[in-house]
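The primary structure of each chain is shown beneath.
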Amino acid sequence: MSGDQEYTYLDYLEEHSEEPLLRVRELKKWYPVTENTVLFSRVIGHVKAVDGVSFDIPKGKTLGLVGESGCGKSTLARTIVRLEKFQSGSLYLEDQDISSFSSRKEELAFRKRVQMVFQDPYASLNPRRLVLDIIKEPLDIHRKDLSREEKRKMVIELLRTVGLEAYHALRYPHEFSGGQRQRIGIARALILQPDLIILDEPVSALDVSVQASILNLLQDLQEQFGLAYLFIAHDLSVVKHISDMVAIMYLGKIMEIGPTEEVFNHPTHPYTVSLLSAIPIPDPDIEKARIILQGDVPSPINLPPGCRFSPRCYKAQDICFKEEPELKEVRPGVWSACHFPEEGFEVLKFIGLEKDTTKTKTKKKAKS
Amino acid sequence: MAQSGKPLLDVRNLYTYFFTESGIVQALDGVSFDINVGEPVGIVGESGCGKSVTAQSILQILPRNGKIISGEVRFKGYDLLKFNEKQMNKVRGKYISMIFQDPMTSLNPVMRIRDQMIDVISLHRGVDEFEATEIAIKMLEAVGIPEAESRIYNYPHEFSGGMRQRILIARALALRPELLIADEPTTALDVTIQAQVLDIIRNLQQKYNLGLMLITHNLGVVAETTKRVHVFYGGRVVESADTRTIFKKPHHPYTRALLESIPSFIQQKGRLATIPGVVPRLINPPKGCRFHPRCKYATEICKTRPPVVEIEKGHLVACHHYDKLEQWENAYEKYEKPHKS
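Keep in mind that what you see is a predicted model, and the values were worked out from it rather than measured.

## So, a positive patch on the surface
All names here are of chain B. A surface patch of positive charge is lined by Lys 86, Lys 90, Lys 94, Arg 125, Arg 176 and Lys 207. Following the sequence through the fold, Lys 86 ends up in helix α2 (residues 85-91). Judged by relative accessible area, Lys 86 falls into the exposed class, the value being 70%.

## Observations concerning the interface of chain B and chain A
One frequently used descriptor of interface size is the decrease in accessible area upon assembly of the parts. In this complex, chain B contributes 40 residues to the contact, which on the side of chain A involves 44 residues. Carbon and sulfur atoms supply 57% of the area buried between chain B and chain A, which totals about 3,800 Å² over both sides. At the boundary of chain B with chain A, the tally comes to four salt bridges. The salt bridge involving Asp220(A) is made with Arg271(B); its shortest N-O contact spans 2.6 Å. The interface formed by chain B and chain A holds nine residue pairs in polar contact (both at pLDDT 80 or more) in total. Elements represented by at least two residues in the side of chain B that touches chain A include exactly α7 (191-207), α8 (219-225) and α9 (243-248) of chain B. Take the side of chain B that touches chain A: its biggest share by element is eight residues, from α7(B). Considered class by class, the residues forming the side of chain B that touches chain A number 17 nonpolar, 12 polar and 11 charged.

## Things to note about unusual backbone geometry
Residues and elements named next belong to chain B. One non-glycine residue, Lys 76, lies in the positive phi region at around 55 degrees. Relative to the helices and strands, Lys 76 is located in the loop between β4 (66-75) and β5 (78-79). Of note, the phi angle at Asn 209 is positive, near 50 degrees, even though the residue is not glycine. Tracing the sequence through the fold places Asn 209 in the loop between α7 and β8 (211-216).

## As for the pairing of strand β9 (residues 228-233) of chain B
Residue and element names in this part refer to chain B. In terms of burial, β9 is largely enclosed, as six of its six residues are buried. Note that strand β3 (residues 40-44) and β9 share four bridges and pair parallel. Looking at the pairing, Gly 42 lines up with Val 229 of β9. With six bridges connecting them, β9 and strand β10 (residues 236-242) associate as antiparallel partners. Residue pairing across strands places Val 229 opposite Ala 241, the latter belonging to β10.

## Focus on the domain arrangement of chain B
All names here are of chain B. Segmenting chain B into domains produces domain 1 (9-95 + 177-335) and domain 2 (106-176). Computed from C-alpha atoms alone, the centre-to-centre distance between domain 1 and domain 2 is 31 Å. Facing 18 residues of domain 1, the contacting portion of domain 2 comprises 13 residues. The contact between domain 1 and domain 2 buries some 1,300 Å² in all, and 70% of this surface belongs to carbon and sulfur atoms. It is Pro 177, Ile 200 and Tyr 208 in domain 1 that bury the most area against domain 2; as a group they hold 36% of the surface buried on that side. Linking domain 1 with domain 2 are two residue pairs in polar contact (both at pLDDT 80 or more). Contributions of two or more residues to the side of domain 1 that touches domain 2 are made by α2 and α7. Broken down by element, the residue count for the side of domain 1 that touches domain 2 peaks at six residues, all from α7. Its residues assigned to classes, the side of domain 1 that touches domain 2 shows 11 nonpolar, three polar and four charged.

## A short note on the confidence of the model for chain A
For chain A, the average pLDDT comes to 87, and 93% of its residues sit at 70 or higher. Contacts from residues 356-368 of chain A, a stretch scored under 50 in pLDDT, to residues over four places away or in other chains number two contacts.

## Thoughts on helix α6 (residues 178-190) of chain A
Residue and element names in this part refer to chain A. Given a rise of 1.5 Å per residue, 13 residues ought to cover 18 Å, and the 18 Å separating the end C-alpha atoms of α6 matches this to within 8%. Across the 13 residues that make up α6, a large majority, 12, are buried. Listed in full, the buried residues belonging to α6 are Gly 178, Gly 179, Arg 181, Gln 182, Arg 183, Ile 184, Gly 185, Ile 186, Ala 187, Arg 188, Ala 189 and Leu 190. Each element contacted by the buried residues of α6 is listed here: β6 (114-117), α4 (131-142), α5 (148-161), β7 (196-200) and α7 (208-225).

## Quick notes on the sheet that holds β6(A)
All names here are of chain A. Strand order in this open sheet of eight strands is β6-β7-β8-β3-β9-β10-β12-β11, and the pairing throughout is mixed. Because the sheet does not close on itself, it has two edges, and the strands there are β6 and β11 (328-331). Going from strand to strand, the sheet's axes swing by 20 degrees on average, the running direction of each strand aside. Sheet topology note: the strand β3 (residues 62-66)/strand β9 (residues 245-250) ladder contains four bridges and is parallel. Across the sheet, residue Leu 63 finds its bridge partner in β9, namely Met 245. Together, β3, β7 and β8 (228-233) form the strand contacts of α7, whose direction differs from that of β8 by roughly 160 degrees.

## Describing the sheet that holds strand β2 (residues 41-58) of chain A
All names here are of chain A. If you walk across this open sheet you meet the four strands as β2-β1-β4-β5, and the pairing is antiparallel. The sheet terminates laterally at β2 and β5 (96-97), the two strands that pair on one side only. Looking at chain direction, strand β4 (residues 88-93) and β5 are connected through two bridges and run antiparallel. Looking at β5, one finds that Leu 93 is bridged to Gln 96.

The rules we used
All residue numbers here refer to positions counted from 1 along the written sequence of the relevant chain. Numbering of ligands from 1 and lettering of chains from A proceed in the order in which they are written. The predicted origin of the model limits local features to residues at a pLDDT of at least 70 and limits the giving and counting of side-chain atom pairs to 80 or more, whereas totals for whole chains, interfaces and linings rest on all residues. With hydrogens and water stripped out, all remaining heavy atoms of the structure feed into the side-chain values. Like charges are joined within 9 Å and nonpolar side chains (Val, Leu, Ile, Met, Phe, Trp, Tyr) within 5 Å, but only among residues with over 30% relative accessible area and no salt bridge; these make up the patches. Shrake-Rupley sampling with a 1.4 Å probe provides the accessible areas, and residues are treated as covered by the protein chains on show and by no other component. Just to be clear on terms, a salt bridge is a Lys or Arg side-chain nitrogen sitting within 4 Å of an Asp or Glu carboxyl oxygen. We treat Lys and Arg as the positive residues and Asp and Glu as the negative residues; His and chain ends play no part in the count. For this purpose, a charge sits on NZ of Lys, CZ of Arg, CG of Asp or CD of Glu. Numbering of helices and strands runs from the N terminus; a helix is a DSSP stretch of H or I covering at least four residues, while a strand is a stretch of E covering at least two. Each residue gets one of three labels from its accessible area relative to the maximum for its type: buried under 20%, exposed over 50%, partly exposed in between, using a 1.4 Å probe on protein chains only. Here, two residues are considered to be in contact whenever any of their heavy atoms come within 4.5 Å of each other. As a working definition, buried area equals the accessible area (1.4 Å probe) given up by two parts on being put together, with both sides summed. As used in this structure description, the phrase polar contact means that two N or O atoms lie within 3.5 Å; if the pair is within protein, one of them must be able to donate a hydrogen and the other to accept it, and residues adjacent in sequence are counted only when both atoms belong to side chains. Asp, Glu, Lys and Arg are counted as charged, while Ala, Val, Leu, Ile, Met, Phe, Trp, Tyr, Cys and Pro are counted as nonpolar; the rest, among them Gly, fall into the polar class. Note on pairing: two strands pair once DSSP finds at least 2 bridges between them. Bear in mind that the domain bounds are from an automatic or database domain assignment. Predictor confidence is given residue by residue as pLDDT, running from a minimum of 0 to a maximum of 100. To estimate the expected span of a helix, count its residues, drop one, and scale the result by 1.5 Å. Between N-to-C directions, angles span 0 to 180 degrees; the directions come from axes that are lines fitted to C-alpha atoms, helices contributing only their stretch in contact.

What follows is the structure, encoded as structure tokens:
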């Protein structure tokens with residue numbers, strides 16, 4: 001849409017970011033692949049887990065990050081919370097540069113503001129510690145000014161906030177169900193009153209009825225504390241439910257990014273279209289048109305030349321195999337990395353959720 | 001697809017218990033359901049509701065501490081529970097096959113795909129190695145493995161998750177069984193791969209007129225793949241009906257609650273409906289209706305076991321209040337909480 005060729009997504013972000021809490025710019029995280037000979041090991045390639053990703057998360061908003069396994073979602077999350085080093089790019093939390101810390105104090109200040117909730121509530125809690133100690137631990141590190149009694153009070157108050165009871169503090173993780181454990185994990189992330197929580201597949205290990213209650217809790221907490229979320233998931237319905245913005249990731253790159261409703265109702269990138277058409281819809285009346293993607297996600301070591309989605313794309317043409325598309329603004333606010341973006345695509349009609357008036361008429365006729 | 005004759009699989013009043021150190025787990029507590037010839041049937045429920053135990057009981061592959069206490073598992077009229085181990089071995093694989101959730105752990109990592117497949121084929125079909133290999137290659141081609149002739153000599157780790165699941169489907173169907181039990185076949189896969197695998201299962205099911213017992217917690221998968229659904233809760237079947245009825249006119253409060261709690265793709269944002277409480281522990285299950293502690297309609301009578309009522313032809317519900325729900329639903333919306341048990 002924008003006539004100027006030079007106008008990139010980065011420019012767009014600079015112009016349009018309203019109170020960005022987290023700014024991620026051109027982030028690259030490559031893992032070396034080595035070949036070991038008898039004496040030496042040499043690098044023969046790189047796994048490009050995160051390959052130049054940029055986005056903003058505004059205060060109090062949720063960015064949903066979607067992608068198939070192996071697309072680099074979790075690496076991105078781990079890089080943002082600085083559990084991983086990265087090759088190039090920059091990370092800012094408000095005005096603080098968090099790509100490197102000059103002192104331990106600076107690092108602590110950062111960790112206090114960004115917390116993480118993990119996927120597996122069974123593996124992320126230490127089975128030998130009381131819930132009280134698990135939730136209290138961040139306070140022991142960051143809030144040495146508080147007395148034991150004060151910390152205990154805070155924990156109990158927080159337990160109630162996340163929907164547990166005070167007496168749960170003196171129990172061990174194995175005494176809880178999956179959903180309750182996830183609540184404990186959330187309480188642990190909340191106790192330092194962070195600004196940003198990275199949620200890495202927080203509900204994918206839970207049953208649907210429990211999943212619903214955790215999603216509700218996350219929404220309530222966001223309202224109550226003004227939290228910003230980076231919500232990583234592969235379940236598109238869940239992401240649609242909870243996110244304000246959504247980024248679709250494929251093999252380390254963002255394929256499409258924009259406001260959730262826009263992206264999910266009128267996707268522009270063929271990969272987004274294929275993903276959306278693959279979700280099983282819980283309604284037997286719908287006879288869905290599907291685009292079934294052929295093949296698997298290619299190995300991130302040997303990326304295909306040109307567009308990384310081209311080998312599986314239903315729209316691919318010659319140029320797609322040669323030139324890698326950059327993010328371009330297809331509609332105001334919706335950016336898509338595709339040479340031939342879809343325009344005016346209606347997901348609901350395509351997958352049959354919104355009935356075409358013509359269709360229903362013919363159906364009725366057929367019945368009578 | 002309704003068959004007028006005898007069902008292919010008919011499970012009646014099946015009780016399976018597990019004997020553990022902390023007590024007896026009543027995993028299946030009188031489960032009854034059936035699957036017709038060539039019919040895709042879904043078994044739906046949350047974790048711990050007895051879906052997988054049902055599959056294991058049918059094939060009698062329960063863990064050592066599990067025991068079938070009573071009941072009948074009739075397959076084509078024969079009661080499988082009266083079969084001895086030797087007879088069961090003939091049933092497994094040849095008449096009833098099973099695929100599991102995790103495609104990595106169900107394949108032997110140190111054996112080539114060919115060796116894992118031809119064993120079963122030559123044993124049951126009485127053919128030699130070469131012929132068995134031929135059959136295996138044909139099956140792999142049928143499930144869409146490219147270059148099956150050469151890839152059959154690969155090891156499991158050389159395939160991706162979706163490909164491994166295809167191999168398992170090929171192996172399960174190589175003997176042309178009449179019933180395929182698929183226990184969460186796509187749970188470990190990505191959505192795009194899940195769509196591929198479900199497509200294959202649907203096609204082969206129709207091609208071979210296969211009875212399919214699809215165990216899953218994903219209601220979307222059920223809606224797209226099956227003709228009839230049995231909803232499990234706490235080791236019992238709470239509602240059975242054809243798929244459309246389950247989704248459009250569910251009568252059991254649990255089925256309703258379950259359907260309401262999925263975030264919908266079309267619906268606008270808001271709060272999701274939740275089911276209070278947790279799935280009951282089956283060591284000491286609630287008395288009577290097992291859903292009553294979490295049910296917003298529960299009354300005193302719910303502490304007794306509800307009868308299974310056929311409210312329409314083929315639509316079974318195990319609830320005391322199935323006929324009053326509609327009325328109460330409206331009242332509930334008007335007054336928030338009309339009653340509390």
